[in-house]
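Next come the chains, spelled out residue by residue.
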Amino acid sequence: MNESEDTDNPSVKALIVFRENGDMDNLFVPILCDAIRMAGIDVRCSTKDFWESDTMYDIIHFQWPEEAVGRTCNDPDIIRLLEERIRFFRSGGARFVYTRHNLLPHNANEIIRQAYDIIESQSDMIVHMGRFSRDEFLAKHPDSHNAIIPHHIYQYTYKEDISVERARQYLNLSQEAFIVTAFGKFRNREEIRMVLGAFRTWDEERKLLLAPRLYPFSRRYNYGKNFLKRWISRAGYYLLMPLLNRIYKLQGGASDELIDECDLPYYMTASDVIFIQRKDVLNSANIPLAFLFHKIAIGPNVGNIGELLKSTGNPTFSPYNKTDIVRALKEARQLSAFGKGETNYTYALENMRIDKVGKQYAKLYKELPNKL
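Predicted model, so just to flag it, every value in this text is computed and none were measured.

Residues of helix α2 (residues 28–38) that are buried: Phe28, Val29, Ile31, Leu32, Cys33, Ala35 and Ile36. For α2, the secondary structure elements touched by its buried residues are β1 (13–17), β2 (42–45) and α16 (354–371). Phi for Gly40, located one or two positions after α2, is positive at around 100 degrees.

Next up, the structure:
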């Protein structure tokens, strides 16, 4: 379809099922929604419209299924209601798209698992961010329709002209250190052990681990009437955190303390390497973030993460092998001296820029009704 043919087609009306308010720590959907709109689609982002509106749409686009039913939902009736709403929109001619961000959310309950099953089976097109996800899904659903559209980078979202010196000064970090940043919340003890064990073994004199959401302690949780848990959490926050930071040569913070969006570019700019600390996930937004800020990324050789890192020449490792993680850290140290971060940025601009990804989704929306 060329551009002249594209403009002759009537506008496609699409609904992305995602929260309307600004209460989020992941800007993937709002940025994507704007890009799809710029590509000529009449698109709205709302969960309320999915559940309550009688407006008919050409495309209903699911992102995370738990966004549709509620991230902590335990009401079994929601599954029946979800199926009813899908039937309602399909009766008006809607087609369904699902972007597969993960296999299942961390600590998913049975209701969430059922929501994933329904949305995966009822969607007319499954969008994957890599071949790994597509091939794994096709093995389970051989009759499904699938497309690959990469994770976009977060252009025009963060301040990108901060110098490394200014970023480190702002965060009170050493100007001479080789800084490895594990960004995002550590989800369990296994991730903490994996990162700290490898980092402590790595024989780099000037190393510093920056992990702003590392520790499972908090100064805020009151734990209701459980005085012991409250005391342990606060003692860990005020006593253990400073001690462990000195022992492990790191600057770590509490897992429940979100990083302000205005501070995020300072953390990324101050870093030499971005460390993806997951063991068994499908995708990571930290890779496009690293590439946008001209950084090297290292991560586990799993899912689309391993596929993207290997195809772009960034180090991968077995998350269950400390020696292999140390090897990846050493490799990243060497790559930093040869400008690997700049080639990552060039790759991202060529393949993951927001306008290109928006046009790919717009093309899929327009062609989907005639494909099936």
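Don't stop here, the text continues.
Given 3.6 residues per helical turn, the α-helix brings residues three or four places apart onto the same face. For helix α5 (residues 77–91), built from 15 residues, the straight-helix expectation of 21 Å at 1.5 Å per residue is met to within 8% by its first-to-last C-alpha distance of 21 Å. Every buried residue of α5 is accounted for by Ile78, Ile79, Leu82, Arg85, Ile86 and Phe89. Seen from one end, α5 has its buried residues packed into an arc of 125 degrees, which puts them on one side. Among the exposed residues of α5, those oriented more than 90 degrees off its buried face are Arg87 and Ser91. Immediately beyond the C-terminal end of α5, within one or two residues, lies Gly93, with a positive phi of roughly 95 degrees.

To continue, consider the sheet that holds strand β3 (residues 59–62). Whenever strands of a sheet pair, they do so through backbone hydrogen bonds, lying parallel or antiparallel. Taken together, the 6 strands give an open sheet; going across it, the order is β2-β1-β3-β4-β5-β6, and neighbouring strands pair in parallel fashion. Two strands close off the open sheet at either side, each with one partner strand: β2 and β6 (146–148). Each strand axis lies, on average, 20 degrees off the axis of its neighbour in the sheet, ignoring direction. Of the strand pairs in this sheet, strand β5 (residues 125–128) and β6 are connected by 3 bridges, and their pairing is parallel. Looking at β6, one finds that Val127 is bridged to Ala147. Contacting β1, β3, β4 (95–99), β5 and β6, α16 runs over the sheet at an angle of about 150 degrees to β4.

Moving on, we come to the packing of aromatic side chains. Scanning the model with the defined rule gives 18 aromatic pairs in all. Judged by centre distance (6.4 Å) and plane angle (55 degrees), the rings of Tyr57 and Phe89 are tilted. Linking Tyr57 in the loop between α3 (48–52) and β3 with Phe89 in helix α5, this pair joins segments that are 32 residues apart in sequence. By the burial criterion, Tyr57 is buried, and Phe89 matches it. Ring plane angle 70 degrees and centroid distance 5.2 Å describe the contact between Phe88 and Phe89, whose orientation is recorded as edge-to-face. Put simply, the rings of Phe50, Trp51, Tyr57, Phe62, Phe88, Phe89 and Phe96 pair up and form one aromatic cluster. Stacked on the ring of Tyr248, the Lys or Arg Arg200 has its end atom at 5.1 Å from the ring centre. Stacked on the ring of Phe199, the Lys or Arg Lys207 has its end atom at 5.1 Å from the ring centre.

Take the confidence of the model for the chain next. In regions of low pLDDT, the predicted coordinates are not meant to be interpreted in detail. Taken as a whole, the chain shows an average pLDDT of 91; of its residues, 94% reach a score of 70 or greater. Long-range and interchain partners of residues 1–8, a stretch whose pLDDT sits below 50, account for 4 contacts in this model, where long-range means more than four residues apart.

Summarising the element assignment, Tyr267 is placed in helix α11 (residues 264–270). With 84 residues separating them in the primary sequence, Tyr267 and Phe183 have C-alpha atoms 8.5 Å apart. Not counting chain neighbours up to four residues away, the residues in contact with Tyr267 comprise Leu171, Thr181, Phe183, Leu210, Pro212 and Ile259.

Further remarks concern the nonpolar core. For soluble globular proteins, the rule of thumb is that nonpolar side chains tend to be buried together. Phe50, Ile60, Phe62, Leu364 and Tyr365 are the most contacted members of the largest nonpolar core, which has 88 residues in total. Leave out the neighbours within four places in its chain, and Tyr365 touches Val12, Ala14, Ile16, Ile36, Ile41, Ile59, His61 and Val97. Residues Val195, Phe199, Leu214 and Ala332 belong to the second largest nonpolar core, which totals 31 residues.

On to a nonpolar patch on the surface, then. Nonpolar side chains collect at one region of the surface, where Leu228, Trp231 and Ile232 lie side by side and expose about 350 Å² of accessible area between them. Tracing the chain through its elements places Leu228 in helix α10 (residues 227–248).

About the criteria used
Residues numbered from 1 in each chain as written. Predicted model: local features only at pLDDT ≥ 70, side-chain atom pairs only at ≥ 80, totals over all residues. Heavy atoms only, no water. Buried < 20%, exposed > 50% of the residue type's maximum accessible area, 1.4 Å probe, protein only. Helix = DSSP H or I, 4+ residues; strand = E, 2+ residues; numbered from the N terminus. Contact = heavy atoms within 4.5 Å. Expected span 1.5 Å × (residues − 1). Arc of directions from axis to C-beta. Pairing = 2+ DSSP bridges. Axes fitted to C-alpha atoms, helices over the stretch in contact; angles between N-to-C directions. Phe/Tyr/Trp six-rings, centres within 6.5 Å; stacked < 30°, edge-to-face > 60°. Lys NZ or Arg CZ within 6 Å of the ring centre and 35° of its normal. pLDDT = per-residue confidence, 0-100. Core = buried A, V, L, I, M, F, W, Y, C linked by side-chain atoms within 4.5 Å. Patch = residues over 30% accessible without salt bridge, like charges linked within 9 Å, V, L, I, M, F, W, Y side chains within 5 Å. Areas by Shrake-Rupley, 256 points an atom, 1.4 Å probe, with all protein chains shown as cover. Salt bridge = Lys/Arg side-chain N within 4 Å of Asp/Glu carboxyl O.

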